[in-house]
Amino acid sequence: MLRRVATLLHRWVGLFIALFLVVAGLTGAVISWEHQIDEWLNKDLYTVNSEGTFLPFDELAGRVEAADPRAQVVYMPLQYEAGHSVSFMVQPRVGPDGQLYDLGYDQVFMDPVTGEIIGQRDTSNVSLSTRTLMPFLRQLHENLHVPAFWGSDRWGYQLMGIIALVWLLDSFIGFYLTLPKRNSSARSTSARSRTSWFQRWKPAWKMRLNAGAYKLNFDYHRAIGLWAWGLIFIIAFTSFSLNLYREVFYPAMSLVSKVTPGPFETRPSTPFNQPIEPNLTFTDIQRLALERGRQEQWERPPAGIFYARNMGFYSVAFFHPGADHSSGGMEIANMYFDAQDGRYLGEYVPWKGTAADIFVQLQFPLHSGRILGLFGRILMSVMGLLVAALAITGVVIWARKRRARHFSALAEN
């Protein structure tokens, strides 16, 4: 009876989440290399030919906002590289009608030597053009490009988080269904009976390569699912924890262990069209961060400042050049400052804090594979393809069995 219920659950839950897994798997396989592919596709945005002294970061940001007073810079890089542009993230200001302006872009690329704006793009654009292909795939992977409504832009993330949680639970059901049925002759606890049980489980780990298309499809779904089950568990769990972090994961972790909260967890958020205007500038915050970094003897230099304008605080990222694209966050430290009075709100330091803090920190490095460096990124690309294939083979198994039942019913009639 239990096995029959498990089979029904696995079948219908799998059908419900199959399309989501195909999309998430294929996009995940590509965005492991997002920065490299994006830079290759858009060399004209990422490279410059100018030589000379870099302009101050606040002057460059001022030029961005002077070029379009409707735009507000919310992320500012502090590290420049010769021959490369710098990019600023912007968000629209509120217009006279109380609504946000429609900028048509959210990222601005500049020459750090001349201060010339060399390009703009909307990373939220639904498009397969080379300009926005990689941001499009990332958004599709994370939130299916579900638009903001009812004052929140979290709906897509929450949907994908729920799908991930369902997938996580279904992975246990799938694992259970690979186990051999226990018959009456195998209920003793003797070593012989246990050996017999493991012998009957061994075929589930194998693929019959010469047994026909249907059996090969079935074996792939079962055997690959078994061999990759540990990685599937990690991907599903971290997908859930990342997408439902504020809504479920952080509160749940706080119930079972001590988690050090930061402003992202504790500060209330205003509706997306009601941003908080800061009293302090990026320059003020850079000065505060440099002073605090010297006091705490941080080896990493400040590398970027983000203004969380719906929560009213600045986040200053400290990392060595290149760590933002390769470390998965485990080489990036952050300091947080109130945007009104500059109060120090706390810090995030990788590999530091309680056991629960470190477990929380590990979620994205594990999900992206970056915790294992280049090998991990390759592994996650392969897993993305395997997850998509597992979903497709599951649908094929259901379709073949459904057709067989249909023909059997016709024959009986």
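Every value quoted in this text rests on a predicted model; they were computed, and no experiment measured them.

1. Remarks on the environment of Ala 164
Working step 1: Assignment of secondary structure puts Ala 164 in helix H6 (residues 155-178).
Working step 2: When its relative accessible area of 4% is taken as the criterion, Ala 164 is described as buried.
Working step 3: Considering only alpha carbons, one finds Ala 164 and Gln 363, 199 residues apart in sequence, at a separation of 14 Å.
Working step 4: In this structure Ala 164 touches Ala 236, Ser 239 and Phe 240, once residues within four positions along its chain are discounted.

2. What to know about the nonpolar core
Working step 1: Counting 33 residues, the largest nonpolar core has Val 73, Met 76, Phe 88, Val 90, Phe 282 and Ile 285 as the members making the most contacts within it.
Working step 2: Those elements giving two or more residues to this core turn out to be helix H4 (57-67), strand S1 (71-77), strand S2 (86-92), strand S3 (107-110), helix H12 (282-295), strand S5 (302-308), strand S6 (313-318) and strand S7 (333-338).
Working step 3: Membership of the second largest hydrophobic core comes to 18 residues, among which are Val 22, Trp 167, Tyr 220 and Ala 391.

3. Quick look at the pattern of salt bridges
Working step 1: In this structure the tally under the stated criterion is 17 salt bridges.
Working step 2: Where Glu 34 meets Arg 138, a salt bridge forms, and the shortest distance between an N and an O atom there is 2.5 Å. Of this pair, Glu 34 sits in helix H2 (residues 34-41) while Arg 138 sits in helix H5 (residues 133-143); the two residues are 104 residues apart in sequence, bridging distant segments of the chain.
Working step 3: For Arg 121, the salt bridge identified is with Asp 38, shortest N-O distance 2.7 Å. One end of the pair, Arg 121, is in strand S4 (residues 117-121); the other, Asp 38, is in helix H2, and 83 residues separate them in sequence.
Working step 4: By relative accessible area, Arg 121 is classed as buried at 6%.
Working step 5: On the basis of relative accessibility, which here comes to 4%, the residue Asp 38 falls in the buried class.
Working step 6: Taken together, the shared-partner salt bridges connect Arg 267, Asp 338, Asp 341 and Arg 343 into one network.

4. Side note on the packing of H5 against H6
Working step 1: Look at H5 against H6: their axes get within 7 Å of each other, and the N-to-C directions meet at 60°. With respect to each other, H5 and H6 are oriented oblique. Contacts between H5 and H6 involve His 141, Glu 142 and Asn 143 from the first element and Gly 156, Tyr 157 and Met 160 from the second.
Working step 2: When grouped by side-chain class, the residues that make up the contact of H5 with H6 number two nonpolar, three polar and one charged.

5. Focus: the sheet that holds S1
Two pairing modes exist for strands in a sheet, parallel and antiparallel, and in both the strands are linked by backbone hydrogen bonds.
Working step 1: The strand order across the open sheet formed by eight strands is S4-S3-S2-S1-S5-S6-S7-S8, and the pairing between neighbours is antiparallel. Two strands bound the open sheet, and with one partner strand each, they are S4 and strand S8 (344-348). Pairwise comparison of adjacent strand axes, ignoring direction, gives a mean angle of 25° for this sheet.
Working step 2: Those strands touched by H4 are S1, S2, S3 and S4, and its axis lies near 155° from that of S1.

6. Overview of the packing of aromatic side chains
Working step 1: Applying the stated criterion across every chain, the model contains 26 aromatic pairs.
Working step 2: Aromatic side chains Phe 172 and Trp 229 sit 5.2 Å apart centroid to centroid with 80° between the ring planes, which places their arrangement in the edge-to-face category. Of this pair, Phe 172 sits in helix H6 while Trp 229 sits in helix H9 (residues 229-243), placing them 57 residues apart in sequence.
Working step 3: Since its relative accessible area comes to 42%, Phe 172 is described here as partly exposed.
Working step 4: Lying over the aromatic face of Tyr 176, Arg 3 brings its terminal NZ or CZ to 5.7 Å of the ring centre.
Working step 5: Stacked on the ring of Tyr 344, the Lys or Arg Arg 292 has its end atom at 3.6 Å from the ring centre.

About the cut-offs
Residues numbered from 1 in each chain as written. Predicted model: local features only at pLDDT ≥ 70, side-chain atom pairs only at ≥ 80, totals over all residues. Heavy atoms only, no water. Helix = DSSP H or I, 4+ residues; strand = E, 2+ residues; numbered from the N terminus. Buried < 20%, exposed > 50% of the residue type's maximum accessible area, 1.4 Å probe, protein only. Contact = heavy atoms within 4.5 Å. Core = buried A, V, L, I, M, F, W, Y, C linked by side-chain atoms within 4.5 Å. Salt bridge = Lys/Arg side-chain N within 4 Å of Asp/Glu carboxyl O. Axes fitted to C-alpha atoms, helices over the stretch in contact; angles between N-to-C directions. Parallel < 35°, antiparallel > 145°, perpendicular 65-115°, else oblique. Nonpolar A, V, L, I, M, F, W, Y, C, P; charged D, E, K, R; others polar. Pairing = 2+ DSSP bridges. Phe/Tyr/Trp six-rings, centres within 6.5 Å; stacked < 30°, edge-to-face > 60°. Lys NZ or Arg CZ within 6 Å of the ring centre and 35° of its normal.

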